[in-house]
Amino acid sequence: MTQTPQNPPAEGWWLASDGNWYPPQSHPNPTPPKSNKGCLIAVAIFVALLLVGGLLVVFVIWKFVDDVADGVTVGDVNCPSADAVAELIGYEVDLAMSGNILIAAGCTYTSIDASSGAGVSITDGSGLIADDVLADLASEAQRNESEASSIEVGDDGLAFGSGRRSEAATKVDGHIVQVEIFAEGIEPIGNMRDEAVELLEIFVGLNY
């Protein structure tokens with residue numbers, strides 16, 4: 001079909017070098033259809049990442065449950081289980097995990113009964129702050145109308161006990177390890193100096 005260049009017979013027709021218009025399907029270089037392969041690959045990668053992330057979460061939860069019976073790794077330290085701590089201090093507690101904080105790592109246990117329970121904090125810090133920690137412990141003993149005394153755990157260990165707060169700390173392998181047992185409610189929990197020392201020994205045994 002012959003037409004003038006200014007008057008194609010229909011949309012999509014193309015003008016050949018012979019001056020004639022031809023339908024789109026007869027073009028010698030047809031435009032290839034757009035491919036969705038790139039989108040499909042992106043979707044596949046996204047789904048794969050979701051699956052891997054989900055499996056990782058499941059593994060972490062399983063590992064946590066599996067470890068709680070004897071001890072739990074938190075950051076760079078192994079924490080005594082909540083059951084072991086509860087049996088030692090006589091109050092039910094939950095383990096609230098926390099990772100490394102600046103130059104320290106640790107285990108924090110919170111009371112299940114906030115009105116009359118006890119909380120526990122175990123901190124494993126750099127030996128660079130050891131003397132400061134021990135000095136603070138001695139000062140805390142005085143504030144609680146008690147006195148810090150030496151213990152046979154690690155090096156230069158000290159401990160004290162009072163009705164609402166008991167602590168123990170010692171130097172070990174270039175670190176300072178401190179245990180604090182304190183009342184979380186309005187009721188006193190009694191002197192737990194010996195329990196703090198025993199928990200310190202347990203922690204040191206798990207990690208050093």
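As the structure is a prediction and not an experimental result, all values here were calculated from the model. (Residues numbered from 1 in each chain as written. Predicted model: local features only at pLDDT ≥ 70, side-chain atom pairs only at ≥ 80, totals over all residues. Heavy atoms only, no water.)

Trainee: Can you explain unusual backbone geometry? Please cite residues and give values.
Mentor: In this structure, Asp156 is a non-glycine residue whose phi angle is positive, near 60°. Within the fold, Asp156 resides in strand S9 (residues 155-161). In this structure, Asp173 is a non-glycine residue whose phi angle is positive, near 50°. When you line up the elements, Asp173 lands in the loop between strand S10 (165-172) and strand S11 (175-183). (Helix = DSSP H or I, 4+ residues; strand = E, 2+ residues; numbered from the N terminus.)

Trainee: An account of helix H3 (residues 130-143) is needed here, citing residue identities and associated values.
Mentor: Relative to the 20 Å expected for 14 residues at 1.5 Å per residue, H3 spans 20 Å between its end C-alpha atoms, a close match to the ideal helical length. For H3, every residue scored as buried is listed here: Ala130, Val133, Leu134, Leu137, Glu140 and Ala141. Seen end-on, H3 carries its buried residues on one side only, within an arc spanning 120°. Opposite the packed face of H3, turned more than 90 degrees from it, sit the exposed residues Asp131, Asp132, Gln142 and Arg143. Buried positions along H3 lie against strand S7 (118-126), S9, S10 and S11. Backbone geometry just downstream of H3 places Glu145 in the positive-phi region, at approximately 55°. (Expected span 1.5 Å × (residues − 1). Buried < 20%, exposed > 50% of the residue type's maximum accessible area, 1.4 Å probe, protein only. Arc of directions from axis to C-beta. Contact = heavy atoms within 4.5 Å.)

Trainee: Before we move on, could you go through the nonpolar core and cite the residues and values that matter?
Mentor: If you look at the biggest cluster of nonpolar residues, it comprises 32 residues, and the most contacted ones within it are Ile89, Cys107, Tyr109, Val120, Ile122 and Ile181. If you list the elements that add at least two residues to this core, you get strand S4 (77-80), helix H2 (82-89), strand S5 (93-101), strand S6 (104-111), S7, S10, S11 and helix H4 (193-207). Among the elements that take part in this core, H4 stands out by supplying six residues, more than any other. Here Val120 is in contact with Val85, Ile89, Cys107, Thr108, Tyr109, Glu180, Ile181, Phe182 and Leu199, once residues within four sequence places are set aside. By size, the runner-up hydrophobic cluster in this structure holds nine residues, among which are Val133, Leu137, Ala141 and Ile176. (Core = buried A, V, L, I, M, F, W, Y, C linked by side-chain atoms within 4.5 Å.)

Trainee: So what about the environment of Thr108? Which residues, and what values?
Mentor: Structurally, Thr108 is set in strand S6. On the accessibility criterion, Thr108 (30% relative accessible area) is partly exposed. Separated by twelve residues in the primary sequence, Thr108 and Ala96 place their C-alpha atoms 5.4 Å from one another.

Trainee: Quick one: what's the story with the state of the cysteines, residue by residue and with numbers?
Mentor: Considering all chains together, one arrives at one disulfide under this definition. With its sulfur 2.0 Å from that of its partner, Cys79 forms a disulfide with Cys107. Across the disulfide from Cys79 to Cys107, rotation about the S-S bond amounts to roughly -85°, and the bridge is consequently left-handed. Of this pair, Cys79 sits in strand S4 while Cys107 sits in strand S6; the two residues are 28 residues apart in sequence, bridging distant segments of the chain. (Disulfide = S-S within 2.5 Å.)

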